[in-house]
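Fold and contact review
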Amino acid sequence: MSEIPVLAIIVPCYNEEDVIEKAFFELSFIIQALIKNQRISPQSYICFVDDGSNDKSWEIIIKLSKNKEVKGLKLSRNFGHQAAQLAGLIQNQADIFITIDADLQDDINIIDEMIKKYSEGFEIVYGVRNNRNSDGFIKRILAQSYYRLAKSLGVEGIYNNADFRLISKKIVLIISELKEYNIYLRGIISNLGFKSCCVYYSRKKRIAGIPKYNIFSSLNLAIDGITSFSIQPLHFITLLSFLCFLIAIIMSIYCIVVYFEKEIIPGWASLFISLYFLGGIQLFSIEIIGEYIGKIYKETKQRPKFIVEAQIN
Ligand code: UDP
Ligand code: MG
């Protein structure tokens, strides 16, 4: 590790025409400073991955690629944030890789500290936000609940780390050999082991443009995160069935008592409640099982995780 490492900064972009140029200027400034201080090799670069944007993102990336420190990768369609990151990691050569969102909400000034940690022997350096002030109230509550739920279900993850992290070539090699289609990088990387550490920063608002994650896509990512790593939700169905069984016993005893006391069984209300209760639980259980079956279905087809349409530099 004594040699000066080549750094690749991977920036996934989906309809980011408003921010790419600004991101380039800021990141390039940091890269130049690091090169000057001999922290990284002069061959270091930024790779913008266009994840099937339908705005001018790709045209902007082509324009920026006149600079020697810019590379571009265009995916054939929108494959999603995690797949775009993966494409950027697998398709590039470097000694160290940093993934960062195009909107530069993450603090690029800690990149220096991340590289220092790498030179101390850490293979993974997580950029961890020290608060969630830049999120709205609902997003903050949901994110916190998700982390707690995921942890209780045995899904390892770094609290308040999203996708801003440094990983070494060794880690990228391991990731590139993974066969799974449902690639949830956040979880996979924190499950690999290896020497890792965190560098803290405070997250800012988006520099421009609109967030690409809405409440549904965030929820999907959350479900993906849990079901890619844990089968605890399936055990949860067993618990639910015990609960139903218990309620059924209590209801039976109640009906027998009422029958002997009043000689009538109060019918409709209890019947309807149990009908909906059981129906709801059954549908919920089918949904949980379905989520896993869907994952198996996608895995067996072995379709590509991303398709590269064009590459520049
Ligand atoms: N992104 C992507 N593909 C997608 C959705 C998002 O490559 O399908 C990129 C997006 O351009 C950005 C990053 O993922 O660079 C994070 O998106 P965003 O900033 O909207 O998410 P948030 O800040 O809400 O987590
Ligand atoms: Mg963002």
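Summarised in this report is the structure supplied together with it. Every value quoted in this text rests on a predicted model; they were computed, and no experiment measured them. (Residues numbered from 1 in each chain as written. Chains lettered and ligands numbered in written order. Predicted model: local features only at pLDDT ≥ 70, side-chain atom pairs only at ≥ 80, totals over all residues. Heavy atoms only, no water.)

Some details on the packing of helix α5 (residues 137–152) against helix α8 (residues 215–227)
Relative orientation of the contacting elements α5 and α8 amounts to 10°, with a least axis distance of 11 Å. Taken together, α5 and α8 sit at an angle that is classed as roughly parallel. Contacts between α5 and α8 involve Ile 138, Leu 142, Tyr 146, Leu 149 and Ala 150 from the first element and Ile 215, Ala 222, Gly 225 and Ile 226 from the second. Among the residues making up the contact of α5 with α8, the classes are represented as eight nonpolar, one polar and no charged. (Axes fitted to C-alpha atoms, helices over the stretch in contact; angles between N-to-C directions. Helix = DSSP H or I, 4+ residues; strand = E, 2+ residues; numbered from the N terminus. Parallel < 35°, antiparallel > 145°, perpendicular 65-115°, else oblique. Contact = heavy atoms within 4.5 Å. Nonpolar A, V, L, I, M, F, W, Y, C, P; charged D, E, K, R; others polar.)

Regarding the pairing of strand β5 (residues 124–129)
Burial runs high along β5: six of the six residues are buried. Neither face of β5 is exposed, since Ile 124, Tyr 126 and Val 128 on one face and Val 125, Gly 127 and Arg 129 on the opposite face are all buried. Sheet topology places β5 next to strand β6 (residues 165–168); three bridges connect them, and they run antiparallel. By the bridge assignment for β6, Val 125 is matched with Leu 166. Bridge count for β5 against strand β7 (residues 196–201) is six bridges, and the pairing is parallel. Residue pairing across strands places Val 128 opposite Tyr 200, the latter belonging to β7. (Buried < 20%, exposed > 50% of the residue type's maximum accessible area, 1.4 Å probe, protein only. Pairing = 2+ DSSP bridges.)

A few points about the coordination of the magnesium ion (ligand 2)
In this structure, Asp 103 (OD) and Gln 105 (OE1) serve as the protein donors to the magnesium ion (ligand 2), at separations of 1.8 to 2.1 Å. Using a relative accessible area of 4% as the deciding quantity, one classes Asp 103 as buried. The buried category is assigned to Gln 105, whose relative accessible area is 12%. (Donors = N, O, S within 2.8 Å, 3.2 Å for Na, K, Ca; no water.)

Observations concerning the packing of aromatic side chains
Enumeration over the complete set of coordinates arrives at five aromatic pairs. Geometrically, the ring pair formed by Phe 24 and Phe 25 is tilted, given 5.2 Å between the ring centres and 55° between the ring planes. On the basis of relative accessibility, which here comes to 4%, the residue Phe 24 falls in the buried class. Accessibility expressed as a relative area gives 51% for Phe 25, which makes it exposed. Between Tyr 146 and Tyr 147, the ring centres sit 5.9 Å apart and the planes meet at 55°, which makes this aromatic pair tilted. With respect to burial, Tyr 146 and Tyr 147 carry one shared label: buried. Its end group placed over the ring of Phe 122, Lys 195 keeps NZ or CZ at 4.6 Å from the ring centre. (Phe/Tyr/Trp six-rings, centres within 6.5 Å; stacked < 30°, edge-to-face > 60°. Lys NZ or Arg CZ within 6 Å of the ring centre and 35° of its normal.)

With respect to the site of ligand 1
Neighbouring residues of ligand 1: 18 residues in total, closest Glu 16, Asp 51, Asp 103, Gln 105 and Lys 212. One of the side-chain N or O atoms of Glu 16 is found 2.6 Å from an oxygen atom in ligand 1. Here an oxygen atom of ligand 1 sits 2.6 Å away from a polar atom, N or O, in the side chain of Asp 103. Taken by itself ligand 1 offers 540 Å² of open surface, and the protein chains cover 92% of this. Looking at side-chain class alone, the shell around ligand 1 contains six nonpolar, four polar and eight charged residues. (Near = heavy atom within 4 Å. Polar contact = N/O pair within 3.5 Å; in protein donor to acceptor, adjacent residues only side chain to side chain. Areas by Shrake-Rupley, 256 points an atom, 1.4 Å probe, with all protein chains shown as cover.)

Description of helix α6 (residues 169–176)
If you check which residues of α6 are buried, you get Ile 171, Val 172 and Ile 175. Seen along its axis, α6 keeps its buried residues to an arc of 100°; they face one direction. Close packing links the buried residues of α6 with α3 (81–90), β4 (96–99), β5, β6 and α7 (185–191). (Arc of directions from axis to C-beta.)

Details of the pattern of salt bridges
Throughout the structure, instances matching the rule amount to 15 salt bridges. Note that Glu 21 is salt-bridged to Lys 63, the shortest N-O span being 3.2 Å. In this pair, Glu 21 is assigned in helix α1 (residues 20–36) and Lys 63 in helix α2 (residues 57–64), connecting sequence segments 42 residues apart. On the basis of relative accessibility, which here comes to 29%, the residue Glu 21 falls in the partly exposed class. Judged by its relative accessible area of 42%, Lys 63 is partly exposed. Notably, a salt bridge pairs Asp 95 with Lys 169, separated by 3.6 Å at the nearest N-O pair. On the criterion of sequence distance, the pair formed by Asp 95 in the loop between α3 and β4 and Lys 169 in helix α6 is long-range, its members being 74 residues apart. (Salt bridge = Lys/Arg side-chain N within 4 Å of Asp/Glu carboxyl O.)

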